[in-house]
Amino acid sequence: MQGYKYQFIHDRIQETAYEKLKEDRRLQIHLQISRILQQELDGEKNIIELVRQLNYCKELLTEDERVQLAIWNCQLGEEAKQSGLYMTAIDFYNEGLYLLGDRYWAHKRELMFTIYFNIGECEFLKGNHEIAKNMMNIVLNHAESDLEKLKVYRVMSFVFIEEESMDVGLQA
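### Quick word on the overall build of the protein chain
Next, step 1: Each helix and strand in the protein chain was counted, giving nine helices and zero strands.
Next, step 2: Taken from the N to the C terminus, the helices and strands of the protein chain come in the order α-α-α-α-α-α-α-α-α.
Next, step 3: Burial statistics for the protein chain: of 172 residues in total, 38% are counted as buried.
Next, step 4: Summing over all exposed atoms, the protein chain offers an accessible surface of approximately 11000 Å²; the carbon and sulfur share of this is 51%.

### A short note on the packing of aromatic side chains
Next, step 1: Inspection of the entire model under this criterion finds three aromatic pairs.
Next, step 2: Taken together, a centroid distance of 6.4 Å and an interplanar angle of 20° make the contact between Phe124 and Phe158 stacked. With a gap of 34 residues between them, Phe124 in helix α6 (residues 109–126) and Phe158 in helix α8 (residues 146–162) connect regions that are remote in the sequence.
Next, step 3: Exposure remark for Phe158: the relative accessible area of 37% places this residue in the partly exposed category.
Next, step 4: In this arrangement the basic side chain of Lys151 is found over the ring face of Phe117, its NZ or CZ atom lying 4.7 Å from the centre.

### Some words on helix α7 (residues 129–142)
Since the α-helix turns once every 3.6 residues, residues separated by three or four places project in the same direction.
Next, step 1: Taking 1.5 Å per residue as the helical rise, α7 with its 14 residues ought to reach 20 Å, and the 20 Å between its terminal C-alpha atoms agrees with that figure.
Next, step 2: Within the sequence span of α7, burial applies to His129, Ala132, Lys133, Met135, Met136 and Val139. Taken around the axis of α7, the buried residues stretch over an arc of 165°, which confines them to a single face.
Next, step 3: Structurally, α7 contributes buried residues whose contacts are with α6 and α8.

### Overview of the nonpolar core
Next, step 1: Counting 44 residues, the largest nonpolar core has Leu100 and Ile115 as the members making the most contacts within it.
Next, step 2: For this core, the secondary structure elements donating two or more residues are α2 (23–39), α3 (47–56), α4 (63–82), α5 (86–100), α6, α7 and α8.
Next, step 3: Broken down by element, the residue count for this core peaks at nine residues, all from α6.
Next, step 4: If we skip the residues at most four places from it in the chain, Leu100 touches Val67, Ala70, Leu111, Met112 and Ile115.

### Section: the pattern of salt bridges
Next, step 1: This model, assessed by the stated rule, comprises nine salt bridges.
Next, step 2: Between Arg52 and Glu49 there is a salt bridge; the shortest N-O distance is 2.9 Å. Of this pair, Arg52 and Glu49 are both found in helix α3, three residues apart, which corresponds to roughly one turn of the helix.
Next, step 3: Residue Lys81 pairs with Glu121 through a salt bridge whose shortest N-O separation is 2.4 Å. Of this pair, Lys81 sits in helix α4 while Glu121 sits in helix α6, placing them 40 residues apart in sequence.
Next, step 4: Lys81 gets classed as buried once you look at its relative accessible area, which sits at 16%.
Next, step 5: A single salt-bridge network, built from bridges that share partners, covers Arg109, Glu144 and Glu148.

### Let's talk about the side chain of Asn55
Next, step 1: Along the chain, Asn55 falls in helix α3.
Next, step 2: With sequence-adjacent residues up to four places away left out, Asn55 is seen in contact with Leu69, Asn73, Glu95 and Leu99.

Definitions and cut-offs
Residues numbered from 1 in each chain as written. Predicted model: local features only at pLDDT ≥ 70, side-chain atom pairs only at ≥ 80, totals over all residues. Heavy atoms only, no water. Helix = DSSP H or I, 4+ residues; strand = E, 2+ residues; numbered from the N terminus. Buried < 20%, exposed > 50% of the residue type's maximum accessible area, 1.4 Å probe, protein only. Areas by Shrake-Rupley, 256 points an atom, 1.4 Å probe, with all protein chains shown as cover. Phe/Tyr/Trp six-rings, centres within 6.5 Å; stacked < 30°, edge-to-face > 60°. Lys NZ or Arg CZ within 6 Å of the ring centre and 35° of its normal. Expected span 1.5 Å × (residues − 1). Arc of directions from axis to C-beta. Contact = heavy atoms within 4.5 Å. Core = buried A, V, L, I, M, F, W, Y, C linked by side-chain atoms within 4.5 Å. Salt bridge = Lys/Arg side-chain N within 4 Å of Asp/Glu carboxyl O.

So yeah, pure geometry; function would need other evidence.
Below you can see the structure in the form of C-alpha cells.
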C-alpha cells in the first residue's frame, strides 16, 4: 500500500464500496489507516484524522492504545470547546468516556475529572441543565481538592442561576 494513492471518482462509489464490506473488514481497514497515520503523524496536522480512524476501530485497540485515544479525544474536545463547537466537543469527550469507562477513576482520575467536567460545562453552555447537573455531581463526588470543588460549584451556580433558582445558585 505504501507509495500508492487511490482515489474514487465519486463519493457515492466510495460509499457503495464501503457499505459492501463486512463490519470486521471495515474495522481492520480503519486500523490499518490509523497505523499509517501514526507513522506519518506530524504534530497536530493528522491528529484529527488519526483520532477519527481510531474511534471507528476502537474495539480492536489494546488497553494502552485506548487510554491514548481517550487522551487525544479529550484534547480535541478542548479545542472544539474553545472554538464554541460544544456538540463536537461533547462527541469527543463521550468517545473518551466510552474508551475508559468508570473503572478508570482510580487510575486516571485527572483525565476522568477533565472529561466529565468538560461534558458538564458544554452541556450547560448548550442549555442542557439536567445533564450538566448530573455530570457536575459525578465530578463533585470525585473532586479531591478545594480548587476542583470550586470549579464545579462555579459551573453549578451558573446552572442554577440560568434556571432562575437564585437561592440554590447562591448556596452552590
